[in-house]
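One letter stands for each residue in the lines below.
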Amino acid sequence: MIYKFNFRKDVQYIVVAAVVIFFAFVPLFGSTYTLTLSSTIMMYIVMSLSWSMFSGPTGYISLASGAFVGLGFYASGFLSSSLPLPMLMLVGGLVSFALAAIIGAVTLRLRGVYFTIFTFCLVELVKAVMTWYEIMIVRKRGLNVRNFGTDTAFYAMLVMVAITLIVVVVIKRSRFGMALTGIGESEDAASHIGIHTTRTKVFGFAISAFLMGTVGAVRATMLHHIDPGSSFNMMFSFLPVLMCVFGGMKTFLGPIIGAAVFAILQYNLITEMPQIYMIIFGAIMILAILFMPTGIVGVYERVINRIKKGKSKKGGTDDANA
Amino acid sequence: MPMLEATGISKAFGGLAAVSKVDISVNEGEILGLIGPNGAGKTTLFNLISGAIQMDSGTAVFEGKRISGMKPYQICRLGIGRSFQAAKNFDGMPVHQNVLMGALFGKKGQSAANASKIVDEVLDFVNLNELRDKMVHDIPLASQKRLEVARALATRPKLLLLDEMMAGLNPSEVGEAMELVTKIRDSGITIIMIEHVMKAIMKICDRIVVLHHGAKIAEGAPQEIAANKTVIEVYLGEC
Ligand SMILES: Nc1ncnc2c1ncn2[C@@H]1O[C@H](COP(=O)(O)OP(=O)(O)O)[C@@H](O)[C@H]1O
Ligand SMILES: [Mg+2]
């Protein structure tokens, strides 16, 4: 009923699935560098997709991603010596889910920028609590994390990309996804046509937090040592937002492409010009926002539409936002 | 027993009593008009009944169930639908999907097949079928207001609250809107409508309630209201 086959839209799913399958073979020939870079790209993809899954339709801009990724870090930090990686991911995800559900129940009543400010503060709050815990209780800064090997981390990230893609597509086509969109379009109207807006928002926020927690747990195993500063990192909060703006938020491919471009750009800038990397990075972001308000994918769609219009007068209303 | 009975409901914003100790009831099958000058508290009264805001005191009972204290989605599922003074359509969705949203969520456990049947029915009923694939911004204001009504109808309400659905419409559109309201009532849905268009109110309402500064100052049949001295002073005189 909701779903109609549309060639241009469905081709993108097939292409993405093919790329995911191709990635499964990368460890057979890729160098350690390639694997690490790929793992980062995949982590970013999970982050931007899960962020846009909630913030895209609802318009509730969350800056709490750093808290959820950080909880994943610490799940690994505390438990990596005793549990296998999938369990660490599950714990990281569940703890993030729980925090998001609690925070969401309290703060998702806040509308607009107040929600954003609260989530922004949340990262600092969790970081402060963790720092206090380490200084006052255990009297040891940071934790060492077991390394499960580059290949393992790579495959863990790949599995999470696959899961996240499935979750995103399923939600987008489900009643739940429609409810999220309704809330973004008009929360008042949504509540008066029978949508349980609070529950929908809290659940959406928590699912997205779960996904971020799992990749945080994997990420930590790629580092030797974590501490509150590296875990509850504002960079992780801003990254998904920037990647989605860069790639285009309202499209399926936007967050994926934004994440990939971002990770590669970041890696190159860090290695080539570490001193001025943030400056260049910032400049590119500003230019992107100024000149591509709909992101890379948006620009692509505009170009395609222009070409199409040139060919035939019959433009039609091809909705790009599904 | 009335379908909806609100007793002594009050709501203050800061120091301002937007609605004070209002009793209002509507019987099944009725069209009840709600009039009063701007700022009289009409929209606030709708917000209180539909659960958008909580009342400071008073109770509202719908079909024997106490609805004061309930959330909007619960009140909707019990069978009260509403439209908004400034249309709140889902602008990013085509017309038919707006209606589908109402059909899908308005009743718990609505099947997809059933929902799309409701969409077709309702679009036919309100005469929006031709515009079903258009985006909200591409249809005229009168149709946008109709769409809001359609979305509310798709939730299968027993009682419909219409907030100034005729504001901003030209005379012929007002005529069509009046026809629609009567048709909705004839289909078995009870209606409370806020309206400034006197001609429409007087013609189609069975009963009228007048609010002024948050208080109910008069209630009665259209002819009684038109002849009521207080009403003429505070309200009709201003027009
Ligand atoms: N959410 C709100 N916060 C503060 N004041 C409000 C709010 N809603 C309505 N009011 C005030 O309550 C009074 C009644 O408003 P309203 O119910 O919209 O009147 P009407 O619909 O009859 O024109 C007005 O003075 C308005 O300014
Ligand atoms: Mg009003």
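What counts, and at which threshold
Residues numbered from 1 in each chain as written. Chains lettered and ligands numbered in written order. Predicted model: local features only at pLDDT ≥ 70, side-chain atom pairs only at ≥ 80, totals over all residues. Heavy atoms only, no water. pLDDT = per-residue confidence, 0-100. Contact = heavy atoms within 4.5 Å. Buried area = accessible area lost by both parts, 1.4 Å probe. Salt bridge = Lys/Arg side-chain N within 4 Å of Asp/Glu carboxyl O. Helix = DSSP H or I, 4+ residues; strand = E, 2+ residues; numbered from the N terminus. Nonpolar A, V, L, I, M, F, W, Y, C, P; charged D, E, K, R; others polar. Donors = N, O, S within 2.8 Å, 3.2 Å for Na, K, Ca; no water. Pairing = 2+ DSSP bridges. Axes fitted to C-alpha atoms, helices over the stretch in contact; angles between N-to-C directions. Parallel < 35°, antiparallel > 145°, perpendicular 65-115°, else oblique. Expected span 1.5 Å × (residues − 1). Patch = residues over 30% accessible without salt bridge, like charges linked within 9 Å, V, L, I, M, F, W, Y side chains within 5 Å. Areas by Shrake-Rupley, 256 points an atom, 1.4 Å probe, with all protein chains shown as cover. Polar contact = N/O pair within 3.5 Å; in protein donor to acceptor, adjacent residues only side chain to side chain. Near = heavy atom within 4 Å. Domains from an automatic or database assignment.

### Re the confidence of the model for chain A
Move 1: With 93% of its residues at a pLDDT of at least 70, chain A reaches an overall mean of 87.
Move 2: Across residues 313–322 of chain A the pLDDT falls below 50, and counting only partners more than four positions away or on other chains, this stretch makes 13 contacts in the model.

### What to know about the interface of chain B and chain A
Move 1: At the junction of the two partners, chain B supplies 27 residues and chain A supplies 19 residues.
Move 2: Taken together, the two surfaces of chain B and chain A that pack against each other cover about 2100 Å², and 67% of this comes from carbon and sulfur.
Move 3: On the chain B side of the interface with chain A, the three residues burying the most area are Y73, F90 and F105 of chain B, jointly 29% of the side's total.
Move 4: There are 1 salt bridge connecting chain B and chain A.
Move 5: Note that D188 of chain A is salt-bridged to K88 of chain B, the shortest N-O span being 2.7 Å.
Move 6: Broken down by secondary-structure element, the contributors of at least two residues to the side of chain B that touches chain A are helix 2 (72–78), helix 3 (95–106) and helix 4 (112–125) of chain B.
Move 7: Of all the elements, helix 3 of chain B adds the most residues to the side of chain B that touches chain A, at 7 residues.
Move 8: By residue class, the composition of the side of chain B that touches chain A is 12 nonpolar, 10 polar and 5 charged.

### Focus on the coordination of the magnesium ion (ligand 2)
Geometrically, a metal with four donors at the corners of a regular tetrahedron has ideal angles of 109.5 degrees, and one with six donors at the corners of a regular octahedron has ideal angles of 90 or 180 degrees.
Move 1: Only T43 of chain B (OG1) and Q85 of chain B (OE1) from the protein coordinate the magnesium ion (ligand 2), and they sit 2.0 to 2.2 Å from it. Taken together, the positions of T43 of chain B in helix 1 (residues 42–50) and Q85 of chain B in the loop between strand 6 (80–82) and helix 3 put the pair 42 residues apart, joining distant regions of the chain.

### A short note on the sheet that holds strand 10 (residues 215–220) of chain B
Residue and element names in this part refer to chain B.
Move 1: Reading across from one edge, 6-7-8-3-9-10 is the order of the 6 strands in this open sheet, with mixed pairing throughout. Whereas interior strands pair on both sides, the edge strands pair on one side only; in this sheet they are strand 6 and strand 10. Neighbour-to-neighbour, the strand axes of this sheet turn through a mean angle of 20°, independent of strand direction.
Move 2: As defined by bridge partners, strand 6 adjoins strand 7 (residues 159–163) across 3 bridges and the pair is classed as parallel. Looking across to strand 7, one finds that G81 is bridged to L160.

### Some details on the packing of helix 3 (residues 32–58) of chain A against helix 8 (residues 175–185) of chain A
Pairs of packed helices are described in terms of their axes, by the angle between the two and the distance that separates them.
Residues and elements named next belong to chain A.
Move 1: In the contact formed by helix 3 and helix 8, the axes pass within 6 Å of each other and the chain directions differ by 45°. Between helix 3 and helix 8, the angle falls in the class oblique. In contact with M53, F54, P57 and T58 of helix 3, helix 8 contributes L180, T181 and G184.
Move 2: Residue composition of the contact of helix 3 with helix 8, grouped by class: 4 nonpolar, 3 polar and no charged.

### Digging into helix 6 (residues 171–186) of chain B
Residues and elements named next belong to chain B.
Move 1: Under the 1.5 Å per step criterion, the end-to-end length of helix 6 is 23 Å for 16 residues, consistent within 8% with the ideal 22 Å.
Move 2: Buried residues along helix 6 sit against strand 3 (31–35), helix 4, helix 5 (141–154), strand 7, strand 8 (190–194) and helix 7 (198–204).
Move 3: Looking at the residues trailing helix 6, positive phi occurs at G188, about 105°.

### Things to note about a nonpolar patch on the surface
All names here are of chain A.
Move 1: Side chains of I21, F22, F25, L28 and F29 sit close together on the surface and give an oily, nonpolar patch of about 610 Å² of accessible area.
Move 2: Sorting the residues of the nonpolar patch by element identifies helix 1 (7–23) and helix 2 (26–29) as the ones contributing at least two each.
Move 3: Following the sequence through the fold, F25 ends up in the loop between helix 1 and helix 2.

### Let's talk about the side chain of K201 of chain A
All names here are of chain A.
Move 1: With respect to the helices, strands and loops of the structure, K201 is situated in helix 10 (residues 197–221).
Move 2: Polar contacts involving the side chain of K201 include one to the side chain of Y60, which spans 3.1 Å.
Move 3: Not counting residues up to four positions away in its chain, the partners in contact with K201 are F54, Y60, L108, R109, I183 and E187.

### Quick word on the site of ligand 1
All names here are of chain B.
Move 1: Surveying the vicinity of ligand 1 reveals the residues F13, L16, A18, P37, N38, G39, A40, G41, K42, T43 and T44.
Move 2: One of the side-chain nitrogen or oxygen atoms of T44 is found 2.5 Å away from an oxygen atom of ligand 1.
Move 3: When ligand 1 sits alone it has 560 Å² of accessible area, and the protein chains cover 60% of it.
Move 4: When contributions to the shell around ligand 1 are tallied by element, the ones reaching two or more residues are strand 2 (16–26) and helix 1.
Move 5: The element that contributes the greatest number of residues to the shell around ligand 1 is helix 1, accounting for 3 residues.
Move 6: Broken down by class, the residue content of the shell around ligand 1 amounts to 5 nonpolar, 5 polar and 1 charged.

### A few points about the domain arrangement of chain B
Residues and elements named next belong to chain B.
Move 1: The domains assigned to chain B are domain 1 (1–79 + 158–239) and domain 2 (86–156).
Move 2: Taking only C-alpha atoms, the centre of domain 1 and the centre of domain 2 are 23 Å apart.
Move 3: Counting from both sides, the interface comprises 19 residues of domain 1 and, opposite them, 15 residues of domain 2.
Move 4: Summing both partners gives a buried area of about 1300 Å² for domain 1 against domain 2, and 66% of it is carried by carbon and sulfur.
Move 5: Ranking the residues of domain 1 by area buried against domain 2 places R77, L180 and K183 at the top, with a combined share of 36%.
Move 6: Summed over the shared surface of domain 1 and domain 2, the result is 0 salt bridges.

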